[in-house]
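Next come the chains, spelled out residue by residue.
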Amino acid sequence: MPASVARPRPRPGPSPASPLPLLLLLLEVLSGPVCGRVPPSVPRISLPISEADSYLTRFTIPQTYNYSVLLVDPASHMLYVGARDTIFALSLPFSGERPRRIDWMVPEAHRQNCRKKGKKEEECHNFVQILAIANASHLLICGTFAFDPKCGVIGDLGGRKTLQQRWTTFLKADLLCPGPEHGRASSVLQDMVILRPEHGAGTPIFYGIFSSQWEGAAISAVCSFRPQDIRTVLNGPFRELKHDCNRGLPVMDNDVPQPRPGECITNNMKLQQFGSSLFLPDRVLTFIRDHPLMDKPVFPADGHPLLVTTDTTYLRVVAHRVPSLSGKEYDVLYLGTEDGHLHRAVQIGAQLSVLEDLALFPEPQPVENMKLYQSWLLVGSRTEVTQVNTTNCGRLQSCSECILARDPVCAWSVRLAACVAHTGEHEGLVQDIESADVSSLCPQEPGEHPVVFEVPVATAAHVVLPCSPSSAWASCVWHQPSGVTALTPRRDGLEVVISPGAMGAYACECQEGGAARVVAAYSLVWGSQRGAPSRAHLVGAGLAGFFLGVFAASLTLLLIGRRQQRQRQRELLARDKVGLDLGVLPSGTTSYSQDPPSPSPEDERLPLALAKRGSGFGGFPPPFLLDPCPSPPHIRLTGAPLATCDETSI
């Protein structure tokens, strides 16, 4: 099992000295930035697998796949990994030790029960484990929705006649995560996590990933739900489902029996001689069996989603609450995507901002499962289990990177000149989660002078100068010579139409958090010579070439005409000697249905007339015109006289 070794991120090397900073003082700024402020759904920094692998640890066994079940035992610091055909036990955090394989046999009674449900033999292998997880999830949800320490699910034993060995406290309500930008609600729940307060103060909060049920609408949304909103809906009216229409109607309060169906057995109900669900009246159990759905949906907190994206499909989510340097707590979410990426997002105010995108696997594959253990994130996929260090602040190698990362765990140490994971101490540490003001927190860092690339160009050419900022949230502007006007800002750079006034220095300057630096610099030069040719020289060269081409073409046609005349004389002499009649078809030949026009008497006397008929330029194919010229000013030179495209008389 390979274990990754930490290695620093590649940094751009020092560049040679350049006079570009002095030139920038004299250059103008474009009227609008090439790339402005991006929405928070776009990751601020995207790390490829070559950089993200420096703080990832991988676990995989040859010929073993589908590491989709992850169970963490905090007491023993063990991770149990359920693969397709076996279970492994690893000590946390794992760093390359040999895993322990667990031999686990499924009881025959559970296998038979699984086969009765129509499952295949290989699907029944992990039936016990799946059943235990399902029961634990139901107990967790029911206990969370009750929010009453005196109200538990111990009294829910089903009914005597109705709902035997079934839940009587099972209520359902629609969770809606609307997308205001797209006008469609995301109602398909992909995954949900419950974030509980560590010290018992406050109420839990639910974070869910939703997708759209409409075909062709690739929308992923993240919404948060408050317990009081869920409780209000569960205490509201029930929905009466009609078989003849899709919509249901709310049940009137007078039609709801008492005690209220779906509630846990409380002390008040015990005083009414309802010690468990077995003593509930049959009308109560029948009602909850026929009306499990509530009439009103549960809307997210503040009525809008925290995050909406149309280019990324989220499948899994985990969350934890992290204290910042000031003591304020922030919710940090880890979102697993369909193509094997991990998005780290922080809720700042009413927005969820994606700050980092990590490529987890060498090959794209869905994230199957995620678990948090202390400062480690465990990610399961089809081919491996990946362990991510959530407190690896060493990847941020400058003060500006550390502040702009907005990681509540990380702070910049002025004494150590490094980004470190703080433990609550404030001495010599700076951090700004809300505004990330780099200009006031970070000292004046030595500017990195980028390499100035010389770009050889030609007249009337189109050149795109790339600009790749270090962050997707940076706002970039271009500095260019004052004489250039033909500019087209693009997402990937700046498009310049080459002219004599476009020569000179170009620089792309990006700003984020109040700090600005030049990330790309170019110098446009002429391809064959350093100075730009004058317009008079260009016009003179064009006229000289045109007249030279006309003279050469005329001389060539004159020589060809004389050669044809001598050839005709030789053919006439040969005809007089042999006595051939060219006007009669030889025997054994047939005429076509579409005969060419009758040749003139002069052509009938020439054996070469059939070869020359239908061809241009006096019957001879022009050897120097290989293809139609795209424009009149273009000239083709292929070993023959020059000719322009509009010359049709030669």
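Structure: see above.
Here we summarise the structure given alongside this text. (Residues numbered from 1 in each chain as written. Predicted model: local features only at pLDDT ≥ 70, side-chain atom pairs only at ≥ 80, totals over all residues. Heavy atoms only, no water.)

1. A look at the sheet that holds strand E30 (residues 493-497)
Piece 1. Here we have three strands laid out as an open sheet, ordered E27-E30-E29, and antiparallel in their pairing. Each edge of the open sheet carries a strand with a single partner, namely strand E27 (462-466) and strand E29 (487-490). Neighbour-to-neighbour, the strand axes of the sheet open up by a mean angle of 20 degrees, direction not taken into account.
Piece 2. As judged from the four bridges shared by E29 and E30, these two strands associate in the antiparallel manner. Following the sheet pairing, Thr488 is matched in E30 by Glu495. (Pairing = 2+ DSSP bridges. Helix = DSSP H or I, 4+ residues; strand = E, 2+ residues; numbered from the N terminus. Axes fitted to C-alpha atoms, helices over the stretch in contact; angles between N-to-C directions.)

2. Brief notes about the state of the cysteines
Piece 1. Within the structure shown, the criterion is met by six disulfides.
Piece 2. For Cys476, the disulfide goes to Cys510, at an S-S distance of 2.2 Å. Residues Cys476 and Cys510 share a disulfide whose torsion about the S-S bond is about 100 degrees; that sign makes it right-handed. Of this pair, Cys476 sits in strand E28 (residues 475-480) while Cys510 sits in strand E31 (residues 504-512); the two residues are 34 residues apart in sequence, bridging distant segments of the chain.
Piece 3. Exposure remark for Cys476: the relative accessible area of 0% places this residue in the buried category.
Piece 4. A residue is classified by how much of its surface remains accessible, and Cys510, at 7% relative accessible area, is buried. (Disulfide = S-S within 2.5 Å. Buried < 20%, exposed > 50% of the residue type's maximum accessible area, 1.4 Å probe, protein only.)

3. Some points on the sheet that holds strand E3 (residues 56-59)
Piece 1. With antiparallel pairing, the four strands of this open sheet are ordered in space as E3-E22-E21-E20. This sheet does not close on itself; its edge strands, each paired only once, are E3 and strand E20 (369-373). Strand-to-strand twist of the sheet, defined as the mean angle between neighbouring strand axes without regard to direction, takes the value 20 degrees.
Piece 2. Here E20 runs beside strand E21 (residues 376-380); their pairing, made up of five bridges, is antiparallel. Bridging across to E21, Leu372 finds its partner in Leu377.

4. Topic: the packing of aromatic side chains
Piece 1. In this structure the tally under the stated criterion is seven aromatic pairs.
Piece 2. Here the aromatic cluster, defined as three or more aromatic residues joined through ring pairs, consists of Phe59, Tyr67, Phe88 and Phe94.
Piece 3. Here Arg160 stacks its cationic end above the ring of Phe279, 5.1 Å away from the centre of that ring.
Piece 4. A cation sits over an aromatic face here: Arg382 above Tyr65, 4.9 Å from the ring centre. (Phe/Tyr/Trp six-rings, centres within 6.5 Å; stacked < 30°, edge-to-face > 60°. Lys NZ or Arg CZ within 6 Å of the ring centre and 35° of its normal.)

5. Looking at helix H7 (residues 282-290)
Piece 1. Inspection of H7 places Val284, Leu285, Phe287 and Ile288 among the buried residues, and these make up the whole buried set. The buried residues of H7 all sit within an arc of 160 degrees when viewed along its axis, so they share a single face. (Arc of directions from axis to C-beta.)

6. Remarks on the pairing of E30
Piece 1. With four of five residues buried, E30 is to be regarded as a mostly interior element.
Piece 2. Alignment of E27 against E30, held across five bridges, turns out to be antiparallel. Its bridge partner being in E30, Val463 is matched across the sheet by Val496.
Piece 3. Counting the residues between successive antiparallel strands, the hairpin from E29 to E30 contains two residues.

7. A look at the pattern of salt bridges
Piece 1. Across all of its chains, the model carries 14 salt bridges by this definition.
Piece 2. Close ionic contact of Arg395 with Asp407 constitutes a salt bridge, the shortest N to O distance being 3.8 Å. Note that Arg395 is positioned in the loop between strand E22 (385-389) and helix H8 (399-404) and Asp407 in the loop between H8 and strand E23 (410-413), a separation of 12 residues in sequence. Pair check on accessibility: Arg395 and Asp407 agree, each one buried.
Piece 3. Two residues, Asp492 and Arg490, come together in a salt bridge whose shortest N-O distance is 2.9 Å.
Piece 4. We classify Asp492 as partly exposed; its relative accessible area is 40%.
Piece 5. Residues joined in a network through salt bridges with shared partners are Arg344, Glu356, Arg395 and Asp407. (Salt bridge = Lys/Arg side-chain N within 4 Å of Asp/Glu carboxyl O.)

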